[in-house]
Amino acid sequence: MQKFGAERTLVPVALCLLAGALACSSPPEASKQIATLRSWTATARLATREHRAGATPTKFTAHLSEEAASALAESRAALSRSPMSNAQRDSAHTAIDSLGQAIRELNSETRAR
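Residues numbered from 1 in each chain as written. Predicted model: local features only at pLDDT ≥ 70, side-chain atom pairs only at ≥ 80, totals over all residues. Heavy atoms only, no water.

Would you take a moment to explain helix H4 (residues 86–112) for this structure?
Helical geometry: 3.6 residues make up each α-helical turn, so side chains three or four residues apart lie on a common side. If you check H4, its first and last C-alpha atoms are 39 Å apart, about what 27 residues at 1.5 Å a residue would give, namely 39 Å. For H4, the full list of buried residues reads Gln-88, Ala-92, Ala-95, Ile-96, Leu-99, Gly-100, Ala-102, Ile-103, Leu-106, Glu-109 and Thr-110. On its buried face, H4 sits against helix H2 (28–52) and helix H3 (58–81). (Helix = DSSP H or I, 4+ residues; strand = E, 2+ residues; numbered from the N terminus. Expected span 1.5 Å × (residues − 1). Buried < 20%, exposed > 50% of the residue type's maximum accessible area, 1.4 Å probe, protein only. Contact = heavy atoms within 4.5 Å.)

Okay, here's the thing in structure tokens:
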């Protein structure tokens with residue numbers, strides 16, 4: 001009988017721990033999209049610097065800007081469908097804003113030349 005009472009207590013505790021772990025874990029799609037946005041931001045910033053230094057042709061840089069804009073739109077759409085914690089939502093907004101700014105700078109650089 002003692003064993004049955006212990007099992008009865010352990011099951012709810014285990015379920016609470018599992019629910020807590022699931023609530024704190026980040027959905028993989030949101031994390032993936034945020035990482036994608038950050039990667040494109042770094043790429044766009046690098047392309048801006050390289051173009052400014054004359055290391056890349058304008059046509060290539062403009063094409064990269066178009067690809068970054070496409071990635072931004074795709075990530076926005078995916079994130080709008082993805083469940084996120086408040087912290088992830090903040091990170092997503094920051095990543096979206098950063099990539100948008102990097103694309104604007106890249107476009108400005110390619111128009112300047």
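I keep staring at the pattern of salt bridges and nothing clicks. Help me out?
When charged atoms on two side chains of opposite charge get close, those side chains can pair. Taken as a whole and assessed by the stated rule, the structure comprises 1 salt bridge. Of the charged contacts in the structure, one is a salt bridge between Arg-52 and Glu-109, with a shortest N-O distance of 3.2 Å. Placement of Arg-52 in helix H2 and of Glu-109 in helix H4 is noted, with a sequence separation of 57 residues between them. (Salt bridge = Lys/Arg side-chain N within 4 Å of Asp/Glu carboxyl O.)

Would you mind showing me how to read H3 here?
Along its 24 residues, H3 runs 35 Å from first to last C-alpha, staying within 8% of the 34 Å computed at 1.5 Å per residue. Considered for burial, the residues of H3 that qualify are Thr-61, Leu-64, Ser-65, Ala-68, Ala-71, Leu-72, Ser-75, Ala-78 and Leu-79. In this fold, the buried residues of H3 make contact with H2 and H4.

Function-wise, these values are silent; they only describe arrangement.
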